[in-house]
Every structure is written in structure tokens, then in C-alpha cells.
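These are the residues of each chain, in order.
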2 protein chains.
Amino acid sequence: MKIAVIGRGRVASHMVKAFAGKAEVVEVNPHSLEELPSDADIALICVSDNAIAEVAAALAAKRVEGIVAHTSGATPMEALSAFPRHGVFYPLQTFSKGRELSYAELPIFIEGSDAATTQLLWQMAELITRDVHGADSVFRKRLHLAAVFACNFTNHLYAIADTLLREDGLDINVLKPLIRETVAKLDDGTPMEMQTGPAVRGDTATMAAHLKLLASHPDYQEIYRLLSSSIRK
Amino acid sequence: MKIAVIGRGRVASHMVKAFAGKAEVVEVNPHSLEELPSDADIALICVSDNAIAEVAAALAAKRVEGIVAHTSGATPMEALSAFPRHGVFYPLQTFSKGRELSYAELPIFIEGSDAATTQLLWQMAELITRDVHGADSVFRKRLHLAAVFACNFTNHLYAIADTLLREDGLDINVLKPLIRETVAKLDDGTPMEMQTGPAVRGDTATMAAHLKLLASHPDYQEIYRLLSSSIRK
């Protein structure tokens, strides 16, 4: 399989690494689309959401024989409808420069404009991972929403814990063993079964003491109250 | 060092494992305190918070020569003031039956009734970990509060994500690579620097779409709104 990876950012560099040795990969600068080989099976657009339309327009001016797909969770497949065969190849991960990732368990979500396209994108995903799913635009949006709760919002709670610990001369590092174990325990049961802490125990004395400790952070108090009452339900 | 571990629960069994080969460890059933060796340097009470007083009372009836300490983050040291030398040996971790843990990075918080007691508890902690701190009762309470945000509340957000994903025939497993990477990225900067997602980008279109997707979960909508506005600040 010959894959042209269009982009120079974090997603592009991880895609190049993920397919290395598993497909023929050509790196294409999104500002020099003449580099695109005409015999690529797939042109994979790995640019930021708001640059996809521009790259697609520039690509449409060329003759592209293969599939054109993007890697965005938030962009509908229709953004590429100018191409006869188009689709989405969405890896559900946060990609950072220079961080090593294990791709074999990376979930990838596929959508294709027709059955043959879907199948080829699926085969392409299976080159790097065991975890391939079909997903239309609405499904991808809902996945992203779940990820906001499980990752963006949890990171904000780490930031709050970090702020509180810094007031005592510590920081989030002291909680890392506990944070890692909380995540590891997700392998032993559903998160609801694994819930611990004063709220699920109904330990009102501890909760009252905690709210008092948060007196100088009314915004954290509000978060504490809302999440505790949600846990109780 | 001769350590008597009093208890039969999760904390007790992890303490026995942690000190194996590093100290002389004697396991003592909290209901048969006659098993307590009279020459133990430390009697370490590893029972649930609301059983500490009872075990302490039973211990006080015996002649205990060494230090008596408990392992509770939420219990003041004074719960053991009946003993001339007493203290707290608080490991900041969630202990589960049958789960392997690396103790070398386990943070342990020490409080002693006098300098010599503090020193001995500190040495005892250093037998198993590199990460020892002093902490009085107020400090331990604040640590516990930070842990509630970083672990109990984040676990609840995993539960919400799990609920949402199950409506689409998936579950939290599909987010685990992303969750693990979110935690791993804490090594690269403070959580505030690592924050990603629609709220920190000010992407109001995505946030509005997410709130619409949550129409059938008004409680999740409220959490989404509150955490998003807290991230914006």
C-alpha cells in the first residue's frame, strides 16, 4: 500500500512513524502538493481542522486517483466530497512531538464514501492496530465528547490538585503513583464499580471538612459540590 | 527493625509485602492482639478508620514498648496519644487486593510524637521508598483533598465517559490509550500547560454541539458547563 501523508505536524509525524515498514510512506508538504505521487493509494490529510478545506481545494486542482481521507474527529467526511473516493481515518489519541506511542492498541475510526473505500481504509488501519471501528460523523462527535470528559476535564482536575498542592510546597508529582493506579484499576471493573472516596461512602464529615479547606477557592468548592452530588446519584 | 503489622485488610497485606526482606515483619490479627511480639520496634495499625480507636484501646491494655502508629490519612495522630511514643505512617496510594504495586516510588507521610519517633518512622519509610515527607494532620487532610480531585473525581469523569460510550455500544476501554497518554504527559509539564480541548481553545461551536449531544443528561450538561468555564479561567 502506498500512503501519502500530507502534513508536517504532530499527527503527520506519528502517522509516518506508525506506517514505517508496514506500507510505502511518502511525506508530503501541504504547501508543495506537487510532491504528491500520482500512484498513491491514499492521500492522508493530517493538518489542523481549519486547514483541511484549503488543502482539499488545492488537492482538487490536481488529478488524484486514490482515496483522499482526513484524520480529524471533528470534521465531517463531506469536507472531501470533491473527490470520487474519500473518507475519514481518525486515530483516537493525543499526539505530541517526540513522545513514543504504542500504535498496536491505538483505536482508529473509519468512514468511507463507498464500501470499497471503507474496506481499503480499514485494511490500512489494520496494518498498525488491532482496534479498528466504523464511525460516521455523529459517532465521531460523540466519541470526542466522551474524550473531553475522560481526558480534557480530568486534566483540569489534575491542574486543581496541582494548585492546591503547591500551596503546601508540593505539586502533582506526589499524586502520580495514585493517579496511575486509579487508571490501572479501570482494568479490574467499570469506573462506577471502582469509585472510591468520601462522596460514594456518604462521608459527610470529610466532605464538610474539605469544603472548609477550599474556603479561599469558591470555584473549586462549586466543582467539589457538583461532582460529589453527581457521584452520590 | 521489627515491625508488627496489625490488620488483615488491603493496607496490611501491602505493608507486609512492602517490608518483606527489608525488615522483620510479624502479621498480627487485630482480634488476637496477644500475637503482638513484645519486642516489636513498631506496632503499625492497618485497619479501617473507624476501627482504629477500638484497636488502640485494646492495645493500651497491653504493655507496648515500641512505637504505635496508624496508616490513616484522615485520622489525627492524637488518636494514639495513650502511647508514650506514637505517630502516623501514611502511604498515599489506593491499595487493592491482588494488585502488584511498585513501592519504591510510593509517597509516605510521617508524623511522630517526638523527634526520635519521627526519625524512626522516617527510617522505616526509607526502607521501602525514596519519597518520604513530614506531614501533620492538617497537611494530611489537604493531601487527601487534592487526591479526591485527582483520583475520586477523575474516576467519576471516567464513569460519565463510560456511560456515554455505552449508548454507542462501546465503553471506557476505547479511551484507555488516550487516558494513559493524558497521564503520561504530566511528565512533560504542569497540568495547566498540558491542557487541551475545546474549552481552552475557546472553541464555542464544539462546546455548543457537545451540550446539545448531552440533552438527555442535564446533570452531565451542568458538569460540562462548570468545568469548561473553570478551564477558561
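From a predicted model like this one, the values you see are computed outputs, not experimental measurements. (Residues numbered from 1 in each chain as written. Chains lettered and ligands numbered in written order. Predicted model: local features only at pLDDT ≥ 70, side-chain atom pairs only at ≥ 80, totals over all residues. Heavy atoms only, no water.)

**Some words on the confidence of the model for chain A**
Selection rule: pLDDT is a per-residue confidence score from the predictor, ranging from 0 to 100.
Across chain A, the average pLDDT comes to 95, with 100% of residues at or above 70. Across the interfaces of the predicted complex, the ipTM metric reaches 0.90, alongside a pTM of 0.90.

**Considering the relation of the copies chain A and chain B**
Rules: Here the copies are matched by least squares. The fit uses the C-alpha atoms of residues with pLDDT of at least 70 in both. Residue contacts are counted whenever heavy atoms from the two residues lie within 4.5 Å of one another.
Each copy of the sequence occupies a distinct position, and chain A is placed on chain B by a rotation of 180° and an axial shift of 0.0 Å, giving an RMSD of 0.0 Å. What the superposition gives is, in effect, a two-fold axis relating one chain to the other. Scanning chain A for the C-alpha nearest the rotation axis identifies T154 of chain A, at a separation of 2.5 Å. Take the interface residues of chain A: 100% of them recur as interface residues in chain B, which is what a same-surface contact looks like.

**A short note on helix 3 (residues 115-126) of chain A**
Residues and elements named next belong to chain A. What counts, and what does not: The numbering of helices and of strands both runs from the N terminus, where a helix is a DSSP run of H or I of at least 4 residues and a strand a run of E of at least 2. To estimate the expected span of a helix, subtract one from its residue number and multiply by 1.5 Å. The rule is simple: take the accessible area with a 1.4 Å probe, protein chains only, and divide by the maximum for that residue type; under 20% is buried, over 50% is exposed, in between is partly exposed. When we speak of the arc, we mean the arc of directions from the helix axis to the C-beta atoms. In protein, a polar contact means a hydrogen-donor-capable atom and an acceptor-capable atom, both N or O and within 3.5 Å, with residues adjacent in sequence counting only if both atoms are side-chain atoms; elsewhere, any N or O pair within 3.5 Å suffices.
With 12 residues, helix 3 should reach 16 Å at 1.5 Å per residue; the first-to-last C-alpha distance of 16 Å fits that figure. Along helix 3, the positions that sit buried rather than exposed are T117, L121, M124 and A125. Buried positions in helix 3, seen along its axis, are confined to an arc of 100° and lie on one side of it. Here helix 3 starts with a cap whose side-chain oxygen sits 3.1 Å from the backbone nitrogen of A116, and that cap is D114.

**Things to note about the sheet that holds strand 3 (residues 42-45) of chain A**
Residue and element names in this part refer to chain A. Applicable threshold: Note on pairing: DSSP must find at least two bridges between two strands before they are called paired. Throughout, an axis means a line fitted to C-alpha atoms (over the contacting stretch in the case of helices), and angles, computed between N-to-C directions, take values from 0 to 180 degrees.
Overall, mixed pairing links the seven strands, which are arranged 2-1-3-4-5-6-7 in an open sheet. The sheet terminates laterally at strand 2 (24-28) and strand 7 (132-134), the two strands that pair on one side only. For this sheet, the mean angle separating the axes of adjacent strands, direction not counted, is 25°. In this sheet, strand 5 (residues 86-91) lies alongside strand 4 (residues 67-70) in parallel orientation, the contact comprising three bridges. Paired with V68 across the bridge in strand 5 is H86.

**Some remarks on the interface of chain A and chain B**
Short version of the rule: Summed over both partners, buried area is the accessible surface (1.4 Å probe) that two parts give up on being assembled. Counted as salt bridges are all cases of a side-chain nitrogen of Lys or Arg within 4 Å of a carboxyl oxygen of Asp or Glu.
Contacts between the two partners involve 81 residues from chain A and, on the opposite side, 81 residues from chain B. Together chain A and chain B conceal approximately 8,000 Å² of surface at their shared face, both sides included; 68% is due to carbon and sulfur atoms. Across the contact surface, chain A and chain B share 12 salt bridges. Salt-bridge contacts for K176 of chain B lead to D187 of chain A; the nearest nitrogen and oxygen are separated by 2.6 Å. Among the elements of the structure, helix 4 (137-166), helix 5 (176-184), helix 6 (191-194), helix 8 (204-213) and helix 9 (218-232) of chain A are those that each provide at least two residues to the side of chain A that touches chain B.

**With respect to the environment of V132 of chain A**
Residue and element names in this part refer to chain A. Take V132: it is sitting in strand 7. For V132, a relative accessible area of 14% translates into the label buried. Note: C-alpha distance between V132 and W122 (10 residues apart in sequence) is 7.0 Å. In contact with V132, not counting residues within four places along its chain, are I108, I110, W122, A125 and E126.

**Concerning the sheet that holds strand 5 (residues 86-91) of chain B**
All names here are of chain B. Within the open sheet, the seven strands sit side by side as 2-1-3-4-5-6-7. Their pairing is mixed. Each of the sheet's edge strands pairs with one partner strand only, and the pair in question is strand 2 (24-28) and strand 7 (132-134). Geometrically, the sheet is characterised by an average inter-axis angle of 25° between neighbouring strands, direction not taken into account. Bridging between strand 1 (residues 2-6) and strand 2 involves five bridges; their strand directions are parallel. Paired with I3 across the strands is V25, a residue of strand 2.

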